[in-house]
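# Secondary and tertiary structure notes
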Protein chains: 2
Amino acid sequence: MSQDLRRLERTFTIRNLCVEFKVTPRALRFYEDKGLLYPAREGMNRVYNHRDRARLQLILRGKRVGLSLSEIREILDLYDENDGGAAQMAKSLKKFRERIAALEAQREDIDGAIEQLRGGCERMERQLSEIRPDLLPQADDYDQVLRARLDGTPDAAHTA
Amino acid sequence: MSQDLRRLERTFTIRNLCVEFKVTPRALRFYEDKGLLYPAREGMNRVYNHRDRARLQLILRGKRVGLSLSEIREILDLYDENDGGAAQMAKSLKKFRERIAALEAQREDIDGAIEQLRGGCERMERQLSEIRPDLLPQADDYDQVLRARLDGTPDAAHTA
DNA sequence: ACTGCCCTTTACGTCAACGTCAAGATGCTC
DNA sequence: GAGCATCTTGACGTTGACGTAAAGGGCAGT
């Protein structure tokens, strides 16, 4: 048996995935309730395989880009159903394209927001460099931001 | 009196803004309740000026990129407070930069999601072109999407 | 003066996405 | 076999962002 097959056959407990993706068990069960996941059972306990893990990744990515769980479910379902005939697939294709258009619009929004914030930053930097240059954050602070983004903070958008 | 000044002095009723930005009066009052807007009054009625309108634009953009109202309020407050001393401004600057970093991360997520969807699209297109080329959407459909995006559907992300 | 229409405030309802117990099953280990 | 950890299924609570209904003020037209 090849390594690849063994990797594909590897399974995960609910805790495994919770730790890996930093979500609570409650969240995973909730996603299952809503039909976004359907792990196997071993006795009472849930057993997640690679496919389940991949779906979870898609769920979390979808959330980060602002999709609701029902929207995410739609998309996941489309991925699944695509063996069920050509008409179904054509429908999926259309939905995919709509999603792409929506995401591209959202990207533009983000770019706009970034630009706006950058403008504010520049104004403040100019002001500060005139009146209190000592308060201007130096390279240190940038490093800190970079470090935060690189290790352990994949989802900095939710300060809640 | 110049045209510019007159434009700046122009005011808006609640309905004006609701129609223009496709939100409900309830939403505007809610934002006011939460301290994101504070329009003038004329008798009982709210009167919005250009500054209020600009703030509303920022609010809606913030929402589209996934910020909560309280986060948006923080940012708006920072824009306002920046006369209150250099220390305050340095703090704002830091927050702005954090926001920018978060938005850039989100942008990467979106790019990833778009790529993923594009991949799915291509697979489906290949499949369809083999088995049912007649079902492949043509230029027509693209036009429809474009039209939808151009007039009257600035916010296609919220199918809710 | 009466009818509409739009404005106002107050207050309760709702929906999504979980959090938070509660109560019980299963399995390890000392 | 008693304790402990971890799993399970309910079921109710919570937060954010409004929706919606109730009760009334103000003004235009007839």
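Our subject is the structure listed above.
As a starting point, this report considers the structure included with it. Here the structure is a predicted model, which is why all the values come from computation and not from measurement.

### Section: the overall build of chain A
Assigned secondary structure in chain A consists of seven helices and two strands. Counting from the amino terminus, chain A carries its helices and strands in the arrangement α-α-α-β-β-α-α-α-α.

### Examining the pattern of salt bridges
Residues and elements named next belong to chain B. Applying the stated criterion across every chain yields a total of 26 salt bridges over all chains. Among the salt bridges present, the one from R46 reaches E32, with a minimum N-O distance of 2.5 Å. A residue pair is termed long-range when its members are at least 10 positions apart, and R46 in strand 2 (residues 45-47) and E32 in helix 3 (residues 25-33) qualify at 14 residues. Assessed through its relative accessible area of 22%, R46 is described here as partly exposed. The salt bridge partner of K95 is E74, with a shortest N-O separation of 2.4 Å. Remark: E74 occurs in helix 5 (residues 69-81) and K95 occurs in helix 6 (residues 86-131); sequence separation between them is 21 residues. By relative accessible area, E74 is classed as partly exposed at 37%.

### Quick notes on the protein's contact with DNA strand D
Taken together, 16 residues lie near DNA strand D, and R15 and R46 of chain A together with T24, Y31 and K63 of chain B sit nearest. Contact between DNA strand D and R15 of chain A: a phosphate oxygen at 2.6 Å from a side-chain N or O atom of the residue. Interatomic distance of 3.0 Å between a side-chain N/O atom of R41 of chain A and a phosphate oxygen of DNA strand D. For the surface near DNA strand D, the elements supplying multiple residues, two or more each, are helix 2 (14-21), helix 3 (25-33) and strand 2 (45-47) of chain A together with helix 3 of chain B.

### So, the protein's contact with DNA strand C
Not every one of the 16 residues close to DNA strand C is listed here, only the nearest: T24 and K63 of chain A together with R15, R29 and R46 of chain B. In the model, a phosphate oxygen of DNA strand C is placed 2.8 Å from a nitrogen or oxygen of the R29 of chain B side chain. Measuring from a phosphate oxygen of DNA strand C, one finds a side-chain N or O atom of R41 of chain B at 3.2 Å. Secondary-structure elements contributing two or more residues to the surface near DNA strand C are helix 3 of chain A together with helix 2 (14-21), helix 3 and strand 2 of chain B. Per element, the largest residue contribution to the surface near DNA strand C is four residues, and it comes from helix 3 of chain A.

### Focus on the interface of chain B and chain A
Between chain B and chain A, the residue contacts involve 54 residues of the former and 54 residues of the latter. Here chain B meets chain A over a buried area of about 5,200 Å², counting both sides, of which 67% is carbon and sulfur. If you look at where chain B meets chain A, you find eight salt bridges. Its salt-bridge partner being E125 of chain B, residue R97 of chain A comes within 2.1 Å of it at the nearest N-O pair. Per-element accounting of the side of chain B that touches chain A gives the leading share, 35 residues, to helix 6 of chain B. Along the lines of polarity and charge, the residues of the side of chain B that touches chain A split into 31 nonpolar, eight polar and 15 charged.

### Looking at unusual backbone geometry
One non-glycine residue with positive phi stands out, namely K22 of chain A, at about 55°. Taking the relative accessible area as the measure of exposure, K22 of chain A reaches 60% and is therefore exposed.

### Some words on the packing of helix 2 of chain A against helix 4 (residues 50-64) of chain A
In a pair of packed helices, the angle between the axes and the distance between the axes together describe the arrangement. All names here are of chain A. Their axes nearest at 12 Å, the elements helix 2 and helix 4 cross at an angle of 35°. Note that helix 2 runs across helix 4; the crossing there is right-handed. Residues L17, E20 and F21 of helix 2 form the contact with helix 4, whose participating residues are R53, L56, Q57 and L60. Split into classes, the residues belonging to the contact of helix 2 with helix 4 amount to four nonpolar, one polar and two charged.

### Some points on the relation of the copies chain B and chain A
One copy of the chain maps onto the second through a rotation about an axis and a displacement along it. For the match of chain B to chain A, the screw axis carries a shift of 0.1 Å, the RMSD comes to 0.2 Å, and the turn is 180°. The two molecules are tied by a two-fold rotation axis, judged by turn and shift. The fraction of interface residues of chain B whose copies in chain A are also interface residues reaches 100%, indicating that both copies meet through the same surface.

### Describing the nonpolar core
In terms of nonpolar packing, the biggest core is built from 71 residues, with L28 and Y31 of chain A together with L28 and Y31 of chain B touching the most fellow members. Residue contributions to this core reach at least three from each of two domains, namely domain 1 (1-67) and domain 2 (82-153) of chain B. Ignoring any residue separated from it by four or fewer positions in sequence, one finds L28 of chain A in contact with I14, L17, C18, V23, L37, Y48 and L56 of chain A.

### Quick notes on helix 5 of chain B
Between its terminal C-alpha atoms helix 5 of chain B stretches 18 Å, which fits the 18 Å expected from 13 residues at 1.5 Å a residue. Considered for burial, the residues of helix 5 of chain B that qualify are E71, I72, I75, L76, D77 and L78 of chain B. Those residues of helix 5 of chain B that are buried are in contact with helix 6 (86-131) of chain A together with helix 4 (50-64) and helix 6 of chain B.

### Re the side chain of R55 of chain B
All names here are of chain B. Relative to the elements of secondary structure, R55 occurs in helix 4. Within the local environment of R55, its side chain forms a polar contact with the side chain of Y38, the two groups lying 3.4 Å apart. Beyond its immediate chain neighbours, meaning those up to four positions away, R55 contacts L36, L37, Y38, L76, D77 and D80.

### A closer look at the environment of A113 of chain B
Note on placement: A113 of chain B falls in helix 6. Owing to a relative accessible area of 9%, A113 of chain B belongs among the buried residues under this scheme. Leaving out residues up to four positions away in the same chain, A113 of chain B has contacts with R61 and L103 of chain A.

Conventions and cut-offs
- Residues numbered from 1 in each chain as written.
- Chains lettered and ligands numbered in written order.
- Predicted model: local features only at pLDDT ≥ 70, side-chain atom pairs only at ≥ 80, totals over all residues.
- Heavy atoms only, no water.
- Helix = DSSP H or I, 4+ residues; strand = E, 2+ residues; numbered from the N terminus.
- Salt bridge = Lys/Arg side-chain N within 4 Å of Asp/Glu carboxyl O.
- Buried < 20%, exposed > 50% of the residue type's maximum accessible area, 1.4 Å probe, protein only.
- Near = heavy atom within 4 Å.
- Polar contact = N/O pair within 3.5 Å; in protein donor to acceptor, adjacent residues only side chain to side chain.
- Contact = heavy atoms within 4.5 Å.
- Buried area = accessible area lost by both parts, 1.4 Å probe.
- Nonpolar A, V, L, I, M, F, W, Y, C, P; charged D, E, K, R; others polar.
- Axes fitted to C-alpha atoms, helices over the stretch in contact; angles between N-to-C directions.
- Left-handed = near helix turned anticlockwise from the far one by under 90°.
- Least-squares fit on C-alpha atoms with pLDDT ≥ 70 in both.
- Core = buried A, V, L, I, M, F, W, Y, C linked by side-chain atoms within 4.5 Å.
- Domains from an automatic or database assignment.
- Expected span 1.5 Å × (residues − 1).

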